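Structural overview
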Amino acid sequence: MSLEDEHERFDRKIEAMGVRIKDADTVKVRDDVFDEVTLMALYKLVHKKLITVIGGPISTGKEANVFYGERDGQGIAIKIYRIQTANFKAMTEYMAGDRRFSSVRGTRKGLIFAWTKKEFSNLARAHDAGIPVPEPLAFDRNILLMTFLGEDEVPYPQLRNAEVEDYGAVYRQILGYVERLYREARLIHADLSEYNILYHEKPYLIDMGQAVTPDHPRAPVFLIRDIKNLNRYFSRYCDVPDEQEIIRTIVGTGHREP
Ligand SMILES: Nc1ncnc2c1ncn2[C@@H]1O[C@H](COP(=O)(O)OP(=O)(O)OP(=O)(O)O)[C@@H](O)[C@H]1O
């Protein structure tokens, strides 16, 4: 059976379960992402009624593709990690030092499934700590479902493209998130930048697969890199304190202003 027939068969199966395939133009992306494993995972999520609409692609990245979807009329983001092209080596390093996942070994597929679970767990910890992130809803194999941050199927803009009135206030808000992430969720984002922050009325942190616990051997390096990235971006728009001073405040060895 050709790939196209395979997809058609899959679409029919999915549609028979009551799921609308919204955007026929996604075939190219589908050829790329929807390998057998992904189709099975998607099928399972549809079967469990966790997905009721599969929409078009929002983002086609190196590590993952993100699709718009719906569950009972509510927007969801369907993030599908690529099994073939994901950066296996980098992922292994992030996993090895994180006690929660240090026992994960083996195949590329296994690692990517664990990575998907890791992003789910990181988002859950951040969400439980009250930090604005997408709420994780479910995961299966290499697919993560989370609430959609956007309106009318259009995601909120990344911070770098957003219209921001008061950069100083947004900067402080984000530093507040980083601190809460560290102190309450016990996580360091580890890839924070104007790309992984969406903005609509307030900032939202996204893309947390790589986030690690503070006991990771490289945690201090990741934390300072995150702060440097923020300072590099925001220093164009507002005053930013010295990185070390910020780190001291976050990890709790500094003095706070009253
Ligand atoms: N929950 C969400 N709601 C709305 N849009 C989202 C959501 N999650 C991701 N996106 C969109 O998809 C893009 C890519 O998401 P994310 O950064 O998580 O994936 P990624 O593959 O790691 O990206 P990249 O490889 O470009 O770093 C985001 O910039 C955003 O536009």
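Computed from a predicted structure; not experimentally measured.

**Observations concerning unusual backbone geometry**
- Even without being glycine, aspartate 152 reaches a positive phi, approximately 50°.
- Structurally, aspartate 152 can be placed in the loop between β7 (150-151) and β8 (154-155).
- Its relative accessible area of 74% is what places aspartate 152 among the exposed residues.
- The backbone phi angle of aspartate 207 is positive, close to 60°, even though this residue is not glycine.
- Topologically, aspartate 207 is positioned in the loop between β10 (202-205) and α7 (219-234).

**Some points on the domain arrangement of the protein chain**
- The domains assigned to the protein chain are domain 1 (3-151) and domain 2 (157-251).
- At the interface, 23 residues of domain 1 touch 28 residues of domain 2.
- Of the roughly 1,900 Å² buried between domain 1 and domain 2 on both sides combined, carbon and sulfur atoms contribute 59%.
- Considering only the side of domain 1, the residues that lose the most area to domain 2 are Tyr94, Ile131 and Pro132, jointly responsible for 30% of the buried surface there.
- At the boundary of domain 1 and domain 2, one finds two salt bridges.
- With its nearest N and O atoms 3.4 Å apart, the salt bridge here joins arginine 99 to aspartate 215.
- In this assembly, domain 1 and domain 2 are joined by 16 residue pairs in polar contact (both at pLDDT 80 or more).
- For the side of domain 1 that touches domain 2, the secondary-structure elements that each account for two or more residues are β4 (74-81), α4 (88-96) and α5 (108-128).
- Examining the composition of the side of domain 1 that touches domain 2, we find that seven residues originate from one element, α5, more than from any other.
- Looking at the side of domain 1 that touches domain 2, its residues break down into 11 nonpolar, three polar and nine charged.

**Topic: the pairing of β10**
- The pairing of strand β9 (residues 197-200) with β10 spans four bridges and is antiparallel. Counted as the bridge partner of tyrosine 199 is proline 203 from β10.
- Where β9 folds back onto β10 in an antiparallel hairpin, the turn is made up of one residue, including glutamate 201, whose phi is positive at roughly 65°.

**Some details on the site of the ligand**
- Around the ligand sit 17 residues, and of these Lys79, Thr147, Leu149, Gln158 and Asp207 come closest.
- Threonine 147 places a main-chain nitrogen or oxygen 3.0 Å from a nitrogen atom of the ligand.
- In the model, an oxygen atom of the ligand is placed 2.8 Å from a nitrogen or oxygen of the glutamine 158 side chain.
- When the free accessible area of the ligand is taken as 620 Å², the share hidden by the protein chains comes to 84%.
- Counting atoms within 2 Å of the grid points, the majority share of the ligand lands in the largest pocket.
- Of all the elements in the fold, those that place two or more residues in the shell around the ligand are β2 (53-60), β3 (64-71), β4 and β6 (143-147).
- Counting the residues that make up the shell around the ligand, at least three belong to each of domain 1 (3-151) and domain 2 (157-251).

**With respect to the layout of surface pockets**
- Of the pockets and cavities examined, the largest pocket occupies roughly 950 Å³.
- Along the wall of the largest pocket there are 37 residues; nearest its centre are Val66, Lys79, Asn196, Ile206 and Asp207.

**Some points on the packing of aromatic side chains**
- Counting across every chain of the model gives 10 aromatic pairs.
- For the ring pair tyrosine 167 and phenylalanine 234, a centre distance of 6.1 Å and an interplane angle of 65° mean the geometry is edge-to-face. On the criterion of sequence distance, the pair formed by tyrosine 167 in helix α6 (residues 167-183) and phenylalanine 234 in helix α7 is long-range, its members being 67 residues apart.
- Aromatic side chains tyrosine 167 and tyrosine 237 sit 3.9 Å apart centroid to centroid with 5° between the ring planes, which places their arrangement in the stacked category. With a gap of 70 residues between them, tyrosine 167 in helix α6 and tyrosine 237 in the loop between α7 and α8 (243-251) connect regions that are remote in the sequence.
- Here tyrosine 237 falls in the partly exposed class, since its relative accessible area comes to 38%.
- Aromatic rings pair up to connect Tyr167, Tyr171, Tyr233, Phe234 and Tyr237 into one cluster.

Analysis parameters
Residues numbered from 1 in each chain as written. Predicted model: local features only at pLDDT ≥ 70, side-chain atom pairs only at ≥ 80, totals over all residues. Heavy atoms only, no water. Helix = DSSP H or I, 4+ residues; strand = E, 2+ residues; numbered from the N terminus. Buried < 20%, exposed > 50% of the residue type's maximum accessible area, 1.4 Å probe, protein only. Domains from an automatic or database assignment. Contact = heavy atoms within 4.5 Å. Buried area = accessible area lost by both parts, 1.4 Å probe. Salt bridge = Lys/Arg side-chain N within 4 Å of Asp/Glu carboxyl O. Polar contact = N/O pair within 3.5 Å; in protein donor to acceptor, adjacent residues only side chain to side chain. Nonpolar A, V, L, I, M, F, W, Y, C, P; charged D, E, K, R; others polar. Pairing = 2+ DSSP bridges. Near = heavy atom within 4 Å. Areas by Shrake-Rupley, 256 points an atom, 1.4 Å probe, with all protein chains shown as cover. 1 Å grid on protein atoms, 1.4 Å probe; cavity = no way out; pocket = protein on both sides within 12 Å on 5 of 7 lines; lining within 4 Å. Sits in = over half its atoms within 2 Å of the grid points. Points joined across faces, edges and corners; volume = space filled by probe spheres on them. Phe/Tyr/Trp six-rings, centres within 6.5 Å; stacked < 30°, edge-to-face > 60°.

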